[in-house]
Amino acid sequence: MVAASASATRANPGAGSPDAEGTFVEPADAPHRHCSGSCLKSGSLQWFCKPHQTCSLDCGSTPPRMHCHDPRR
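In short, a report on the structure.

Procedures and definitions
- Residues numbered from 1 in each chain as written.
- Predicted model: local features only at pLDDT ≥ 70, side-chain atom pairs only at ≥ 80, totals over all residues.
- Heavy atoms only, no water.
- Buried < 20%, exposed > 50% of the residue type's maximum accessible area, 1.4 Å probe, protein only.
- Helix = DSSP H or I, 4+ residues; strand = E, 2+ residues; numbered from the N terminus.
- Pairing = 2+ DSSP bridges.
- Disulfide = S-S within 2.5 Å.
- Core = buried A, V, L, I, M, F, W, Y, C linked by side-chain atoms within 4.5 Å.

Let's talk about the pairing of strand β6 (residues 54-58)
Summarising burial for β6: four of the five residues are buried, a large majority. Bridging between β6 and strand β7 (residues 65-69) involves five bridges; their strand directions are antiparallel. Of the residues in β7, the one forming a bridge with Ser56 is His67. Following β6, the chain reverses through six residues before pairing antiparallel with β7.

A word on the side chain of Ser61
In this fold, Ser61 is placed in the loop between β6 and β7. Take Ser61: its relative accessible area is 14%, and that puts it in the buried class.

Quick notes on the state of the cysteines
Throughout this description, disulfide means a covalent bond between two cysteine sulfur atoms. This structure, assessed with the given rule, holds three disulfides. Covalently, Cys39 is tied to Cys59 through a disulfide, its sulfur atoms 1.9 Å apart. Across the disulfide from Cys39 to Cys59, rotation about the S-S bond amounts to roughly -85 degrees, and the bridge is consequently left-handed. Of this pair, Cys39 sits in strand β4 (residues 33-39) while Cys59 is found in the loop between β6 and β7, placing the two residues 20 residues apart along the sequence.

As for the nonpolar core
Counting nine residues, the largest nonpolar core is built from Cys35, Cys39, Leu45, Trp47, Cys49, Cys55, Leu57, Met66 and Cys68. Counting residues per element, this core draws most heavily on strand β5 (residues 43-49), at three residues.

Focus: the pairing of β4
Every second residue of β4 is oriented toward a common face, the buried set being Arg33, Cys35, Gly37 and Cys39 and the non-buried set His34, Ser36 and Ser38. Examined bridge by bridge, β4 and β5 share seven bridges and lie antiparallel to one another. The residue of β5 that forms the bridge with His34 is Phe48. Here β4 hands over to β5 after three residues, the two strands then running antiparallel side by side.

Thoughts on the environment of Val25
Counting through the fold element by element, Val25 comes out in the loop between β3 (20-21) and β4. Between the C-alpha atoms of Val25 and Gln46, which are 21 residues apart in sequence, the distance is 9.8 Å.

Structure, rendered in structure tokens:
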């Protein structure tokens, strides 16, 4: 797993199982976190999570999986 950076925090590679898949659609009327990362084969990727979630990127799958983790669990 490769850690992806977010606007305010870095993802924790040991955060455990993902709680939700990231979304490519930016929420227009709700707070959200901008997440980004890159994989060698896919290049740069961007996705969105809820503000309290951390972001991670799994480059070991095809296509890469963008995750949102809930640190309160």
